[in-house]
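# Chain and residue survey
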Amino acid sequence: MSVVCVNSCGWLLDSCSLIDEGLQRCVSYCDGLDKPTHFRCCFKREYFNTVRPHVQIQQNTDISTSTAKHSDGEHAKIELQTRKKRKRKRRDLNTGELDANIYHGKIRLVVLEGSLALLEAGRQCGYLTEVLTTPPSESMPSHECRLAALCDMAKQLPLTDESLMAPVQTLNRDGLDPSVDLFSNITENPFNCAYEVTLMKEKYFLPPRSRFLLSDITRMHPLVNSGDKYDLIVLDPPWENKSVKRSNRYSSLPSSQLKQLPVPALAAPECLVVTWVTNRAKHLRFIKEELYPFWAVEVLAEWLWVKVTRTGEFVFPLDSPHKKPYEVLVLGRHRSGTDHTVRSPAAEELPEQRLLISIPSVLHSQKPSLSAVLKPYISPEPKCLELFARSLQCDWTSWGNEVIKFQHSSYFTRERAEEPSTTSETAIKQ
């Protein structure tokens with residue numbers, strides 16, 4: 001079950017089960033077979049095998065050992081360098097660090113007490129009691145994601161006459177036509193089962209009724225031109241920070257460019273807009289004071305994703321001066337008119353503060369799905385959109401320059417399943 005338990009503090013989630021929900025019935029016409037193969041898929045559990053908290057390595061950890069091997073002069077030199085480092089550490093905090101400390105002071109008790117309650121409830125359900133034995137490094141895929149680079153190359157191609165294009169290209173009985181244009185069209189799996197397809201010579205799993213557009217921020221027009229209006233829009237922007245620059249894991253985006261996103265054009269009346277944000281105070285302030293007002297989105301709540309190990313410990317010390325074991329979600333509603341009292345039909349009032357607790361993936365920037373927890377706060381049968389996505393979800397439209405990255409077959413295990421009867425197979429295709 002993807003939602004392990006829920007109480008007034010929030011939700012304890014099983015992220016792996018959230019991914020697997022749409023992949024219990026998979027079909028493949030790959031390898032040139034006339035008859036499809038049927039199987040089920042599971043995201044590899046090793047990616048969610050964070051057993052111990054991440055330990056911060058101190059710069060002077062081995063000083064005492066190393067100085068024993070040096071002369072007195074070398075020892076004195078090292079002592080002087082150590083004192084200089086300590087002196088630098090005692091510098092006054094900058095404005096961003098002071099703001100982060102103030103924010104942490106406000107939510108610290110909420111995180112601590114809420115996490116204890118949810119984790120205890122999870123243990124009573126039998127969760128967080130089993131540790132995998134296979135280390136993640138043994139099953140990390142060798143697949144190198146080239147999607148962002150391909151999007152850059154696609155920008156060099158001339159724009160196609162949109163009047164001659166179908167807004168959405170769909171799977172057919174044999175999967176996708178090899179000549180489909182993933183960069184200029186929304187691609188859809190309309191069926192009630194997942195499909196294994198070959199895209200750019202790589203195999204990917206597309207969940208049931210999922211749609212995606214593979215492009216960067218300069219080629220989002222197919223989303224707007226489709227005419228769809230969304231009741232829920234979730235964003236996970238590639239925020240600028242020093243860690244991203246050092247690792248070169250992905251291209252970041254300046255905050256000012258986020259205003260170019262066509263969120264108002266894509267939002268239905270009273271659309272719920274949710275944005276993931278890092279713990280940098282300036283990013284949180286930018287969303288609340290600039291970005292959301294620019295989009296006519298009223299800020300209503302701030303939720304926290306709390307990351308824990310498989311034994312229920314915070315992945316970083318709660319009061320660590322460097323990295324915190326939580327990330328923030330800013331939630332608001334798009335106010336298209338002047339009446340701010342109108343709510344979506346059957347939608348509950350959005351609580352100001354909640355916790356989402358889960359074991360994080362060892363894969364960078366893989367967030368838990370919000371489908372289950374946000375369902376009460378949006379209209380029935382909603383249209384949902386994720387921007388800057390790296391994976392797909394059932395009944396969602398997803399956009400990003402690596403939008404199918406975590407749908408690659410190397411991230412999954414698969415096992416054979418019984419072939420459906422003719423009647424049920426027909427139902428799957430309808």
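### Looking at the overall build of the protein chain
- Secondary structure assignment for the protein chain yields 11 helices and 17 strands.
- By residue count, 48% of the 430 residues in the protein chain fall in the buried class.
- Partitioning the intrachain contacts of the protein chain with sequence separation of at least 6 by distance along the chain shows that 74% fall at a separation of at least 24.
- For the protein chain, the computed accessible surface area is about 22,200 Å², with 51% contributed by carbon and sulfur atoms.

### Here's the deal with the packing of helix H4 (residues 95–124) against helix H9 (residues 281–294)
- Closest axis-to-axis distance for the H4/H9 pair is 8 Å, and the angle between their directions is 75 degrees. Judged by the angle between their axes, H4 and H9 are roughly perpendicular. Contacts from Gly96, Asp99, Ala100 and Tyr103 in H4 reach Ala281, Leu284 and Arg285 in H9.
- Per-class residue counts for the contact of H4 with H9 are four nonpolar, one polar and two charged.

### Describing the pairing of strand S16 (residues 396–400)
- Of all the five residues making up S16, five are buried; the element is thus mostly covered by neighbouring parts of the structure.
- Of the two faces of S16, both are covered, the one formed by Trp396, Ser398 and Gly400 as well as the one formed by Thr397 and Trp399.
- Pairing of strand S9 (residues 210–214) with S16, which is carried by four bridges, proceeds in the parallel orientation. Its bridge partner being in S16, Leu213 is matched across the sheet by Trp399.

### A word on the sheet that holds strand S17 (residues 412–416)
- Strand order in the open sheet formed by five strands is S8-S7-S3-S4-S17, and the pairing between neighbours is mixed. Each having just a single partner strand, strand S8 (202–206) and S17 make up the two edges of the open sheet. Each strand of the sheet is rotated relative to its neighbour by a mean of 40 degrees, with strand direction disregarded.
- Bridging between strand S4 (residues 37–43) and S17 involves five bridges; their strand directions are antiparallel. Of the residues in S17, the one forming a bridge with Cys42 is Thr413.

### With respect to the sheet that holds strand S6 (residues 186–189)
- The 12 strands are arranged S1-S2-S14-S12-S13-S11-S10-S15-S16-S9-S6-S5 in an open sheet whose pairing can be described as mixed. One side of each edge strand has no neighbouring strand; the edge strands of this open sheet are strand S1 (3–7) and strand S5 (168–170). Across the sheet, the mean angle separating the axes of adjacent strands is 20 degrees when strand polarity is ignored.
- Where strand S2 (residues 10–13) and strand S14 (residues 355–358) come together, three bridges link them in parallel fashion. Within S14, the position partnered with Trp11 by the bridge is Leu356.
- Across the sheet, H4 touches S1, S2, strand S12 (297–307), strand S13 (326–334) and S14, and the angle it forms with S14 is around 55 degrees.

### What about the state of the cysteines?
- Across all of its chains, the model carries zero disulfides by this definition.
- Here Cys5 stays unpaired: no disulfide links it, and the sulfur of Cys125, its closest cysteine neighbor, is 5.3 Å away.
- The structure places no disulfide on Cys151, whose sulfur is separated from the nearest cysteine sulfur, that of Cys145, by 9.1 Å.

### Describing the pattern of salt bridges
- Throughout the structure, instances matching the rule amount to 16 salt bridges.
- Residue Asp20 is joined to Arg45 by a salt bridge in which the shortest nitrogen-to-oxygen separation is 2.4 Å. Placement of Asp20 in helix H1 (residues 15–20) and of Arg45 in the loop between S4 and helix H2 (63–67) is noted, with a sequence separation of 25 residues between them.
- With a closest N to O distance of 2.9 Å, Lys383 and Asp228 form a salt bridge. On the criterion of sequence distance, the pair formed by Lys383 in the loop between helix H10 (371–374) and strand S15 (384–387) and Asp228 in the loop between helix H6 (221–225) and strand S10 (230–235) is long-range, its members being 155 residues apart.
- Residue classification places Lys383 among the partly exposed positions, given a relative accessible area of 39%.
- Via salt bridges that share partners, Asp236, Lys307, Glu327 and Lys367 belong to a single interconnected network.

### Notes on the confidence of the model for the protein chain
- Averaged over all residues, the pLDDT of the protein chain is 82; the fraction at 70 or higher stands at 75%.
- Long-range and interchain partners of residues 56–71, a stretch whose pLDDT sits below 50, account for 11 contacts in this model, where long-range means more than four residues apart.
- Note that pLDDT drops below 50 for residues 423–430; the model gives that stretch 14 contacts with residues more than four away or on any other chain.

### Some remarks on H9
- In a regular helix each residue adds 1.5 Å, so 14 residues correspond to 20 Å; H9 covers 19 Å between its end C-alpha atoms and thus fits that length.
- Of all the bends in H9, the greatest measures close to 40 degrees and is centred on Ile287.
- Among all positions in H9, only Ala281, His283, Leu284, Phe286, Ile287, Leu291 and Tyr292 are buried.
- Two residues or fewer past H9, Ala296 is found with a positive phi of approximately 65 degrees.

Cut-off values and rules
- Residues numbered from 1 in each chain as written.
- Predicted model: local features only at pLDDT ≥ 70, side-chain atom pairs only at ≥ 80, totals over all residues.
- Heavy atoms only, no water.
- Helix = DSSP H or I, 4+ residues; strand = E, 2+ residues; numbered from the N terminus.
- Buried < 20%, exposed > 50% of the residue type's maximum accessible area, 1.4 Å probe, protein only.
- Contact = heavy atoms within 4.5 Å.
- Areas by Shrake-Rupley, 256 points an atom, 1.4 Å probe, with all protein chains shown as cover.
- Axes fitted to C-alpha atoms, helices over the stretch in contact; angles between N-to-C directions.
- Parallel < 35°, antiparallel > 145°, perpendicular 65-115°, else oblique.
- Nonpolar A, V, L, I, M, F, W, Y, C, P; charged D, E, K, R; others polar.
- Pairing = 2+ DSSP bridges.
- Disulfide = S-S within 2.5 Å.
- Salt bridge = Lys/Arg side-chain N within 4 Å of Asp/Glu carboxyl O.
- pLDDT = per-residue confidence, 0-100.
- Expected span 1.5 Å × (residues − 1).
- Bend = angle between axes of the 7 residues up to and from the residue.

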